[in-house]
Amino acid sequence: MSTQVPALLDGLVDDAAVFPPGSAPLPDAVAAHRRHRASWYADLVGPLLVPASRLPELAALLDAGEEIEVGVIGDVPVARLDEARVGVDPRIRVRQVEAAVAKRGEDPLPGLTELVGLARRANRADEPASGLAVYAEVPLTFGLMGALDALAAARADGLPVAAKFRTGGLAAELFPTPAELAAVICACRDRGLPFKLTAGLHEAVRHLDPETGFTHHGFVNVLAATLAAAEGAGVERVTELLTATDPRPLVQRVEGAPAAARPLWVGFGSCSILEPLTDLIRLGLVNGGFDA
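Just so we're clear, the structure is a prediction, and the values are computed from it rather than from any experiment.

The number of helices and strands found in the chain is ten helices and ten strands. Its C-alpha atoms give the chain a radius of gyration of 18 Å, near enough to 19 Å, the size a compact globule of 292 residues would have. For the C-alpha atoms alone, the extent of the chain along its principal axes is close to 50 × 45 × 40 Å. Taking all 292 residues of the chain together, 52% fall into the buried category. The long-range share in the chain, meaning contacts at least 24 apart out of those at least 6 apart in sequence, stands at 71%. When the accessible area of the chain is evaluated, it comes to approximately 13,000 Å², of which 54% is carbon and sulfur surface. For the chain, the distance from the average site of its 26 positive side-chain charges to the average site of its 37 negative ones is 3 Å.

We now examine helix H3 (residues 78–86). Here H3 has its buried residues at Val-78, Leu-81, Asp-82, Ala-84 and Arg-85. Each buried residue of H3 sits inside an arc of 165° when the element is viewed along its axis, so together they form one side. Relative to its buried face, H3 has exposed residues pointing more than 90 degrees away, namely Ala-79, Glu-83 and Val-86.

A few words now on the side chain of Ser-270. Along the chain, Ser-270 turns up in strand S10 (residues 265–270). The class of Ser-270 is buried, set by a relative accessible area of 9%. One polar contact links the side chain of Ser-270 to the main-chain carbonyl oxygen of Ser-272, over a distance of 2.5 Å. What Ser-270 contacts, discounting residues up to four positions off in sequence, is Val-13, Asp-14, Asp-15, Ala-16, Ala-17 and Pro-276.

A word on the pattern of salt bridges. Tallying each qualifying case throughout the model produces 19 salt bridges. Between Arg-237 and Glu-240 there is a salt bridge, with its nearest N and O atoms 3.0 Å apart. Placement of both Arg-237 and Glu-240 in helix H8 (residues 235–243) is noted, with a separation of three residues, approximately one turn of the helix. Connected through shared salt-bridge partners, Asp-14, Glu-98, Glu-137, Lys-164, Arg-166 and Lys-196 make up one network.

Spatial ordering of the closed barrel is given by S1-S2-S3-S4-S5-S6-S7-S10, a layout of eight strands whose pairing is parallel. The mean angle between the axes of side-by-side strands here comes to 30°, regardless of whether they run parallel or antiparallel. Relative to strand S4 (residues 92–100), strand S3 (residues 68–73) is paired through six bridges, and the arrangement is parallel. Looking across to S4, one finds that Ile-73 is bridged to Glu-98.

For strand S6 (residues 161–166), the buried fraction is high: five of the six residues fall into the buried class. Strand direction decides the pairing type here: strand S5 (residues 133–137) and S6, joined by four bridges, are parallel. When the bridges of S6 are listed, Tyr-135 appears paired with Ala-162. Tracing the backbone out of S5, into helix H5 (residues 144–156) and back to the parallel element S6 gives a crossover that is right-handed. You can see the chain leave S6, run along helix H6 (residues 178–191) and come back into strand S7 (residues 195–198), and the turn it takes is right-handed.

Bridge count between strand S1 (residues 13–15) and S10: three bridges; the pairing is parallel. In the strand pairing of S10, Val-13 is matched with Phe-268. Both S7 and S10 contribute to a ladder of three bridges, which runs parallel. Bridging from a neighbouring strand, Phe-195 pairs with Trp-265 of S10.

Across the junction of Pro-20 and Pro-21, the peptide omega takes the value 5°, indicating a cis bond. Locating Pro-21 in the fold gives a position in the loop between S1 and helix H1 (26–37). A positive phi angle, close to 50°, is found at Ser-23, a residue other than glycine. Along the chain, the position of Ser-23 falls in the loop between S1 and H1.

Here is what the cut-offs are and how they apply
All residue numbers here refer to positions counted from 1 along the written sequence of the relevant chain. Note on the predicted model: pLDDT of at least 70 is required for a residue's local features to be given, and 80 or more for side-chain atom pairs to be given and counted; whole-chain, interface and lining totals, by contrast, use all residues. Based on all heavy atoms of the structure, the side-chain values leave hydrogens and waters out of the count. Under the scheme used here, helices are H or I runs from DSSP no shorter than 4 residues and strands are E runs no shorter than 2 residues, and both carry numbers assigned from the N terminus. Only C-alpha atoms enter the radius of gyration; for comparison, a globular chain is expected to reach 2.2 Å times N to the power 0.38, where N is the number of residues. Burial here depends on accessible area, computed with a 1.4 Å probe over protein chains only, as a share of the maximum for the residue type. Under 20% is buried, over 50% is exposed, and the range in between is partly exposed. Whether two residues are in contact is decided by their heavy atoms: any pair within 4.5 Å suffices. Where accessible areas are quoted, they stem from the Shrake-Rupley method and a 1.4 Å probe; at the residue level, only the protein chains shown are allowed to cover. His residues and chain termini do not enter the charge count, which takes Lys and Arg as positive and Asp and Glu as negative. To locate a charge, take atom NZ for lysine, CZ for arginine, CG for aspartate or CD for glutamate. What the arc covers is the set of directions going from the helix axis to the C-beta atoms. Side-chain atoms alone can form a polar contact between residues adjacent in sequence; in general such a contact is a pair of N or O atoms within 3.5 Å, and within protein one must be able to donate a hydrogen while the other accepts it. Think of a salt bridge as a Lys or Arg side-chain nitrogen and an Asp or Glu carboxyl oxygen that are within 4 Å of each other. Any two strands are treated as partners once DSSP identifies two or more bridges connecting them. Under this scheme, a helix contributes an axis fitted over its contacting stretch, all axes are lines through C-alpha atoms, and angles between N-to-C directions fall in the 0 to 180 degree range. Handedness rule for crossovers: strands pointing away from the viewer, path from the first strand over the helix to the second running clockwise, crossover right-handed.

Right under this line is the structure:
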């Protein structure tokens, strides 16, 4: 069987194996990530996501001469993120830092300023971590549009910053409605602002989880919706694509996209790489099999 990951899906799924609900031990996650990176579907896989507090453990798990790309998830204050990225073993390439914006009351802008400062420090000409991308996880609440404006302004100033949004979790209020997510996608489109998503994207197509009773967004819904937004579709059309539970129009929309890089949406973290891969194969969006 021929195996191929189209350019549209390059780096779509970050390896979040150590995070819930998978919560794999770090040694197991590193071993599995090594297998993913050596597989025929390697182009689908983004960096291994690691909490900042656990970066020191990582070097001891690498083979001799092995290098690894990671995304650092901020589970420590922003000031300590500087220490983590600068003091890391040289075999560990910190490709991105992701951190939730710390709000002051209801205002996310002071916390966002701290993260923009991190991006500025990390991307000085004399900084060995030059090129580090910083993703600010912005809550979909009061102050959202102001936060997106601030990120867009920093990006226009040459800083590699982008937004990150939560699309699920352990409570119903953590799942934005299709209309809310569509408005955010279009707002990022209007600002030329890339974004990542986290949590809740467990399957390709929008579905009701019978165990929790929560309706989850589908990652192929998001891909189809983002493609439409990038072509100028309004919130109503983007909402329709996010709401769809029939995979056929979504697959048609994705298959009809140019063979080029994915616009706007950088990707999402998943505690399983094989689950989204299986869905993509089942829908015919990736040609491959597990006997490869």
